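These are the residues of each chain, in order.
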Amino acid sequence: MLTKFESKSNRVKGLSFHPIRPWILTSLHNGIIQLWDYRMGTLLDRFDEHDGPVRGVDFHKTQPLIVSGGDDYKIKVWDYKLRRCLFTLLGHLDYIRTVQFHNEYPWIVSASDDQTIRIWNWQSRTCIAVLTGHNHYVMCAGFHPKDDLIVSASLDQTVRVWDTTGLRKKTVRGAPSMQEDTMVARVNTDLFGGTDAIVKYVLEGHDRGVNWASFHPTLPLVVSGADDRQVKLWRMNETKAWEVHTMTGHTNNVSCVLFHPKRELIISNSEDRSIRVWDISQRMGVQNFRRENDRFWILAAHPEQNLLAAGHDSGMIVFKLERERPAYDSHAACLFYVKDRYLRMHEYQTGRDAPVVSLRRAGQGQASALGQAPRSLQYNPYNPAESNVLIFSDVEGGSYELLSFSAEMPGGTGSGEPQDVRRGSGLAAVFLARNRFAVLDKNRQILIKNFQNEVTKKVSPPHPSTDGMYYAGGAGRLLLRCEDRVTLYDQQSRRVLAELLVPRVKYVFWSQDSSKVALMTKHAIVIASKHLEQMCSISEAVRIKSGAWDMNNRIFVYSTLNHVKYVLPNGDTGIICTLDVPLYITKAADKQLFCLDREGKTRMLDIDNTEALFKLALEDKQYGQVMHMVRHSRLCGQSIISYLQNKGFPEVALHFVNDNKTKFRLALACGNIEVAMHTAYELPDDDIWHQLGTEALRQGNHQVVEMAYQRTKNFERLSFLYLLTGNTDKLKKMLKIAERRGDVMSRFHNALYLGDAGERVAVLESTNQVSLAYLTAATHGLEEQATRLAELLTAKGMPVPETLADATLLQPPTPIVRADNWPLLAVSKGPIEGALVENDPVAANVAVQEEAAGGAWNDDLDLEDEPPKTKQTQERADSGTGGGGWGGDDDLDLDIGDEDLALAAPPKAPEQTIGDFVVPAAGTPLTAHWCQNSTHAADHAAAGDIEGAMKLLSRQIAAVRFAPLRPHLFALLQGAAASLPGLAQVPSLRASLQRGAAVAERPSDKVPALLERLKAGYRAFLNGKFGDARDHFDYILHAIPLTVAETKSEGNELKELLDISREYVTAIRIKTASAEETAPVRSMELSAYFTHCNLQPAHLLLALRMAMGTAFKNKNFITAASFAQRLLELPDLASERNAELRDKAQKILQKSQQMARNEVDLDYDERNPFVIDCATLKPIYRGAPVVKCPYCSSSYSPASDKTVCQTCGISQVGVETLGLVTTTASTSTRR
């Protein structure tokens, strides 16, 4: 039995599969109905309106309806889309045992302990028939799948078959007559049953009450199970029904029994805690499954798939009786697979398919026994002269067959016998060479055999727990599987070539050139090289079924239960298409996918792998191919946009976007102000213009900022912008606008920005602030106004304030630069962006506008003195949605000349010429390439862009304190170039160094140097020189952000170095604090925390020794005992040099266990996992809120949020960042 899903709940009394979706209903003894997705293993919904146990439940075949019946005498019909009960059917007088929808008619049949069966019309919500005749509880009732029949089982020891033809003719084909619809007729029907449904057969034969009976889906058979522990098979014809066979084997009451929907089998379950499978033709039991403690109550079969479900005391299980995966192997242009006990061959190119070898054994029946289908098949790739296959099955605990045959496609429909068949037992069998194969026997030994099935060599595997063996991509090698790893093993030299930690591998798929391998588990795929170096790993929420490498050996296509997906060696994944039924991929060739289904039929799917090819081209920097796909492929979707943005190509993602909001967001992400501005015109949203203004202000493009503020009518910011840029003319107009609008504060601010003291006096006087107006006038030397205001104050009886002798005039600052925009560094467009501009008219238009300076900004202001100058601006002004600057608003009706707002175009650089010779433009310096090709701070520092390196570190690891990094930054700058002596009187030439000749990359720092530092830190720590050790680990922490890893393994080493340094710095801080602490309680706590740092075993031994001694001296014996126990568990303590410490720890443990008390309470609980707060050096227990350093991952309580990390001294705690970059942009890995 293959368990696909298992749930834990109260006793399950009813089950029903959804006919299409992967759902199953369970009705529980506590009154709850659960809706499960058995494919994902999740609870989708629950319905709990019944009062008491719910014993029956059923899905409708086509409508979104559920019917349920319970011990509250009620039948409820639910809509699972609306998630509520639609109505309740009342009529039964006792517990309702089962309910079921009819496949075609709007009927529900229900069985009850009131000894009746009722048929309901769920559309009219009435009872249309009552079937009486049983004289005890009716335990179940069900419709026939096709005929007008109902079968029922009762504790009166009978099974009855009812004919509902009359009811169908009465209620479905025509309306009932008025005479039949009288009140008396309805009462008689309710009490005594009508003539619409009559008993056709009464099946008697059980000695005790019958619990279940069900129809065969196609044959005239009925099966029943009863309290007499027997399962009976009955046959019917038009006139009678009789018992065919009785199957015995259950040791307690048979709860439920039904026919298998796909095979000639009967499945029954019982209160004896077992599920039994019976063969109809042989009339005997073929399988038996038991549970230890749970009785089984109900069974259900999926109408379309090979799935069964069983409910028991503590939940339910969804299972299969056998595997449905066909055994197959693909070699060259042919597929070999097993179907109907034949080895068949399928040619991919011609589509021809025929059996080549019969696999029937002498004396074997026509149908293969249950569970004896082949599990796997392997074709011999080493023997071109002859065709050999190894077929492995689970028969007799594992067996194999070696077949030799001719691989020529037979001309007729028949199949020949194999030339040679060799059989044997084992756990696995794999071809090793042209005439040799390996067998893993049941004693876990590897046997090397020839094709005569003779053992030529015996080898012990490197791991005694080896339980699987696979083809290893080359002759003489084996891929061995144990519980948690796979091992690449050379059987000739008997040595392990490589190992990879991958638990429970199920299938192995090699690329055609054997350069890569995909290791597939139940829910994960690991891609590795031929030397088992892991390249990437992915996981899926649903089961992974199969996979195959494409023709170029770089795309691994795999199938799950409902999707075909792909994974690239760099870890990028995507969905190719969805599946209605699971398929097993045999070959992936360009745009075609060859598969096998569960019936063993070959299929070919047309797929679109453009997305995968696009990602490969982008990774390989084949920009020509990328551009071809951009122009001619229909790549779209949020996934490809997010992918491009994460990979640093938002400008490419712009061309996949039609949604203006997404395009605007991407344009801001790549700093493309022009595209963002054009998109903002189509989005009449003030928040969009506010974001545009913020980004433009960051870039120093104050002309766009001005327009954004105009669009959003942000007067205060606009005035401040004019102050910063020294535009006094527009500030005066802002003053007039504020006066028109009646905004006193805006008017005062603008007067303050202009330094217009008279205007400020007028504003203060108009707001009755006469005293302030007088002070302003007197301070600024406005004697006439000061005299007038003094008289006004005297007339009002208010004192005239005195001016200070040292009062100074309040004047606005003078702007340093009065220019159009801030100067920006001219950066040449990359190969992708340049090609996009050439071929995209919108981008080309933007590029032209970039060259045409700022003159076009006048048109966007839409002023009254002069009409708009472009057609585009005119359209925006006419539509009324663009805002158009100040002239388009009623409150900005001013006479403002356009010449006041004109923006001068930047002067064009003169072209340097010497006669007819044009001096070529200077090339891009090598250091500029370092900055362009890398997102690593070390490359920018080496190029001399120290500020850029600091900004990168700020974005990547939230670095805010750069003093510790200063020596590393300048060391990179000094070591990235060499000085070459030139001619006399000529200074030396500075030549930049490169990592490689083919790429423009700077020389990198090496990881081994940091490893030497780590060793020095270990030695100092062991010798108790904690100051020196702290210096070494601090150096490593400060050097890692500026160290470039050449390979992914070096990147992993850097991350490991970072974790080690963090732990040791924390440990040294705790040790130092403990040495300085005078309070014994706090000293004990620090000693305890010291033992929870992740230290080397030798160092942990010293920490535990110190903590044990401190706790024992202070009479905290329970704590001392725990330290002693941990100390004794260390492997190093078993050596002779630690014999004295071992004896001491044993004595302390014995003494502490005798005393068994603690003198003082400590803030320390070793049973509750915790991390150390690096600010307070106190524990943060599991479940408490915690914030981390984005660089070194040190833990802190929320009180330390936004402070500088005390471990690394670089980053700000609690900031979410991209993470540490360890390699260059092409192979970037982030922490």
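Keep in mind that this is a model prediction, so the values were computed, not measured.

**A look at the overall build of the protein chain**
Consideration 1: The helix and strand inventory of the protein chain stands at 31 helices and 63 strands.
Consideration 2: Counting across all 1231 residues of the protein chain, residues that qualify as buried make up 51%.
Consideration 3: As displayed, the protein chain has an accessible area near 58,600 Å², and 49% of this comes from carbon and sulfur atoms.

**Quick look at empty space enclosed by the protein**
Consideration 1: According to the stated counting rule, one finds 6 cavities of 30 Å³ or more in the structure shown.
Consideration 2: Space inside the largest cavity adds up to approximately 180 Å³.
Consideration 3: Here the lining of the largest cavity spans two domains, and each of domain 1 (2-169 + 195-320) and domain 2 (328-360 + 373-405 + 418-620) adds at least three residues to it.

**Observations concerning helix α11 (residues 715-725)**
Consideration 1: Residues of α11 that are buried include every one of Phe-715, Leu-718, Ser-719, Leu-721, Tyr-722, Leu-723 and Thr-725, and no others.
Consideration 2: Elements that come into contact with the buried residues of α11 comprise α10 (702-712), α12 (728-741) and α13 (744-754).
Consideration 3: Positive backbone phi, at 70°, marks Gly-726, one or two positions downstream of α11.

**Some words on helix α30 (residues 1117-1128)**
Consideration 1: Taking 1.5 Å of rise per residue, 12 residues should cover 16 Å, and α30 covers 16 Å from first to last C-alpha, within 8% of that figure.
Consideration 2: Those residues of α30 lying buried are Phe-1117, Thr-1119, Ala-1120, Ala-1121, Ser-1122, Phe-1123, Ala-1124 and Leu-1127.
Consideration 3: Buried residues along α30 sit against α28 (1080-1090), α29 (1097-1113) and α31 (1139-1155).

**Points about the packing of aromatic side chains**
Consideration 1: Following the criterion strictly, the structure yields 32 aromatic pairs and no others.
Consideration 2: Between the aromatic rings of Tyr-382 and Tyr-471, the centroid separation amounts to 6.1 Å while the plane-to-plane angle is 50°, which identifies the pairing as tilted. With Tyr-382 in the loop between β33 (374-379) and β34 (387-393) and Tyr-471 in strand β41 (residues 468-471), this pair connects stretches of sequence that are 89 residues apart.
Consideration 3: Each member of the aromatic cluster is reached from another via a ring pair, and the members are Tyr-1018, Phe-1021, Phe-1026, Phe-1033, Tyr-1064 and Phe-1090.
Consideration 4: Sitting over the face of the ring of Trp-297, Lys-13 holds its NZ or CZ atom 4.0 Å from the ring centroid.
Consideration 5: Lying across the ring of Tyr-1035, Arg-1013 places its NZ or CZ 3.9 Å from the centre.

**Re the sheet that holds strand β31 (residues 342-347)**
Consideration 1: Read from one edge to the other, the open sheet built from 4 strands follows the order β29-β30-β31-β32, with strand pairing classed as antiparallel. Strands at the two margins of the open sheet, each flanked by one partner only, are β29 (328-331) and β32 (353-358). On average, each strand axis in the sheet is tilted by 25° relative to the strand beside it, whichever way the strands run.
Consideration 2: Strand direction decides the pairing type here: β29 and strand β30 (residues 334-339), joined by 4 bridges, are antiparallel. Bridge pairing in β30 links Ser-330 to Leu-335.

**Topic: the pattern of salt bridges**
Consideration 1: This model, assessed by the stated rule, comprises 40 salt bridges.
Consideration 2: The closest approach of N and O atoms between Arg-55 and Asp-71, which form a salt bridge, is 2.6 Å. Linking Arg-55 in strand β6 (residues 54-59) with Asp-71 in the loop between β7 (65-70) and β8 (74-79), this pair joins segments that are 16 residues apart in sequence. The residues Arg-55 and Asp-71 share a single accessibility class, namely buried.
Consideration 3: For the salt bridge of Lys-730 with Glu-706, the shortest nitrogen-to-oxygen distance reads 2.8 Å.

**Some thoughts on the pairing of strand β10 (residues 96-101)**
Moving residue by residue along a regular strand, the side chains alternate between the two faces of the sheet.
Consideration 1: Judged by how many residues are buried, β10 sits mostly within the fold: 5 of 6 residues are covered.
Consideration 2: Across 5 bridges, the pairing between β10 and strand β11 (residues 107-112) is antiparallel. Each residue of the ladder has a partner; that of Gln-100, found in β11, is Val-109.
Consideration 3: In this structure, the hairpin formed by β10 and β11 is closed by a connection of 5 residues.

**A look at the side chain of Ser-1083**
Consideration 1: Along the chain, the position of Ser-1083 falls in helix α28.
Consideration 2: For Ser-1083, a relative accessible area of 15% puts it in the buried group.
Consideration 3: For Ser-1083, the contacting residues outside a window of four places in its chain are Ser-1074 and Glu-1077.

**Regarding the environment of Phe-1033**
Consideration 1: Checked against the element boundaries, Phe-1033 lands in helix α26 (residues 1026-1039).
Consideration 2: The exposure class assigned to Phe-1033 is buried, which follows from its relative accessible area of 0%.
Consideration 3: Residues Phe-1033 and Arg-1013, spaced 20 residues apart in sequence, show a C-alpha to C-alpha distance of 7.7 Å.
Consideration 4: What Phe-1033 contacts, discounting residues up to four positions off in sequence, is Leu-1014, Gly-1017, Tyr-1018, Ser-1061, Tyr-1064, Val-1065 and Ile-1068.

**Brief notes about the state of the cysteines**
Here a disulfide denotes one covalent bond, and it connects the sulfur atoms of two cysteines.
Consideration 1: Applying the stated criterion across every chain, the model contains 0 disulfides.
Consideration 2: Counting only cysteine sulfurs, Cys-1192 is the nearest neighbor of Cys-1205, a cysteine outside any disulfide, at a range of 3.5 Å.
Consideration 3: A disulfide-free cysteine, Cys-1208 has its sulfur positioned 3.7 Å from the sulfur of Cys-1205, the nearest such atom.

**Some words on the nonpolar core**
Consideration 1: Among the nonpolar cores identified, the biggest contains 79 residues, and Phe-1033, Ile-1040, Leu-1095, Leu-1127 and Tyr-1191 are the most heavily contacted of them.
Consideration 2: Of all the elements, helix α27 (residues 1048-1076) adds the most residues to this core, at 9 residues.
Consideration 3: The contact partners of Leu-1095, leaving out residues within four places of it in the chain, are Phe-1021, Glu-1063, Tyr-1064, Ala-1067, Phe-1090, Leu-1100 and Ala-1103.
Consideration 4: Grouped together as the second largest cluster of nonpolar side chains are 56 residues, Cys-140, Ile-280, Ala-300 and Val-318 included.

**A word on the pairing of strand β20 (residues 230-236)**
Consideration 1: Most of β20 is tucked away, with 6 of its 7 residues classed as buried.
Consideration 2: The pairing of strand β19 (residues 221-226) with β20 spans 5 bridges and is classified as antiparallel. Counted as the bridge partner of Val-222 is Trp-234 from β20.
Consideration 3: Hairpin connection, β19 to β20: the antiparallel pair is bridged by 3 residues, and Arg-229 has positive phi, about 70°.
Consideration 4: As defined by bridge partners, β20 adjoins strand β21 (residues 241-248) across 7 bridges and the pair is classed as antiparallel. Bridged to Gln-230 within β21 is Thr-248.
Consideration 5: Following β20, the chain reverses through 4 residues before pairing antiparallel with β21.

**Some thoughts on the sheet that holds strand β22 (residues 254-259)**
Consideration 1: With antiparallel pairing, 4 strands are arranged side by side in an open sheet as β22-β23-β24-β25. The open sheet is flanked by β22 and β25 (284-290), the only strands paired with a single partner. This sheet shows a mean twist of 20° between the axes of neighbouring strands, independent of strand direction.
Consideration 2: In this structure, strand β24 (residues 274-279) lies alongside β25, joined through 6 bridges in antiparallel fashion. Following the sheet pairing, Ile-275 is matched in β25 by Phe-289.

**Points about the packing of α12 against α13**
Consideration 1: In the contact formed by α12 and α13, the axes pass within 8 Å of each other and the chain directions differ by 160°. Taken together, the axes of α12 and α13 lie roughly antiparallel to each other. Helix-helix and strand crossings are classified by hand; for α12 and α13 the assignment is left-handed. Between α12, through Thr-728, Leu-731, Lys-732, Met-734, Leu-735, Ala-738, Glu-739 and Arg-741, and α13, the contact on the second element is made entirely by Ser-746, Arg-747, Asn-750, Ala-751, Tyr-753 and Leu-754.
Consideration 2: By residue class, the composition of the contact of α12 with α13 is 7 nonpolar, 3 polar and 4 charged.

**Quick word on the packing of α10 against α11**
Consideration 1: Orientation of α10 relative to α11, taken along the N-to-C sense of each, is 155°, at an axis distance of 9 Å. Looking at the two axes, α10 sits roughly antiparallel to α11. As α10 packs across α11, the resulting crossing turns out to be left-handed. Of α11, the residues touching α10 (which contributes His-702, Val-705, Glu-706, Tyr-709 and Gln-710) are Arg-717, Leu-718, Leu-721, Tyr-722 and Thr-725.

**Here's the deal with the side chain of His-346**
Consideration 1: Tracing the chain through its elements places His-346 in strand β31.
Consideration 2: A polar contact of 3.3 Å, which involves the side chain of His-346, links it to the side chain of Asp-353.
Consideration 3: Look past the residues within four positions of His-346 in its chain and what remains in contact with it is Ala-333, Cys-334, Leu-335, Tyr-337, Gly-351, Arg-352, Asp-353 and Thr-602.

**Here's the deal with the environment of Ile-585**
Consideration 1: Residue placement: Ile-585 occurs in strand β53 (residues 584-589).
Consideration 2: Under the relative-accessibility criterion, Ile-585 is labelled buried at 1%.
Consideration 3: Remark: the alpha-carbon pair of Ile-585 and Ser-330, spanning 255 residues in sequence, is separated by 10.0 Å.
Consideration 4: Ignoring anything within four residues of it in the chain, the contact list for Ile-585 reads Tyr-328, Ser-546, Gly-547, Ala-548, Val-557, Tyr-558, Ser-559, Val-564, Leu-593, Phe-594 and Cys-595.

Parameters and conventions
Residues numbered from 1 in each chain as written. Predicted model: local features only at pLDDT ≥ 70, side-chain atom pairs only at ≥ 80, totals over all residues. Heavy atoms only, no water. Helix = DSSP H or I, 4+ residues; strand = E, 2+ residues; numbered from the N terminus. Buried < 20%, exposed > 50% of the residue type's maximum accessible area, 1.4 Å probe, protein only. Areas by Shrake-Rupley, 256 points an atom, 1.4 Å probe, with all protein chains shown as cover. 1 Å grid on protein atoms, 1.4 Å probe; cavity = no way out; pocket = protein on both sides within 12 Å on 5 of 7 lines; lining within 4 Å. Points joined across faces, edges and corners; volume = space filled by probe spheres on them. Domains from an automatic or database assignment. Contact = heavy atoms within 4.5 Å. Expected span 1.5 Å × (residues − 1). Phe/Tyr/Trp six-rings, centres within 6.5 Å; stacked < 30°, edge-to-face > 60°. Lys NZ or Arg CZ within 6 Å of the ring centre and 35° of its normal. Pairing = 2+ DSSP bridges. Axes fitted to C-alpha atoms, helices over the stretch in contact; angles between N-to-C directions. Salt bridge = Lys/Arg side-chain N within 4 Å of Asp/Glu carboxyl O. Disulfide = S-S within 2.5 Å. Core = buried A, V, L, I, M, F, W, Y, C linked by side-chain atoms within 4.5 Å. Parallel < 35°, antiparallel > 145°, perpendicular 65-115°, else oblique. Left-handed = near helix turned anticlockwise from the far one by under 90°. Nonpolar A, V, L, I, M, F, W, Y, C, P; charged D, E, K, R; others polar. Polar contact = N/O pair within 3.5 Å; in protein donor to acceptor, adjacent residues only side chain to side chain.

Everything listed here is a matter of geometry and, on its own, says nothing about what the molecule does.
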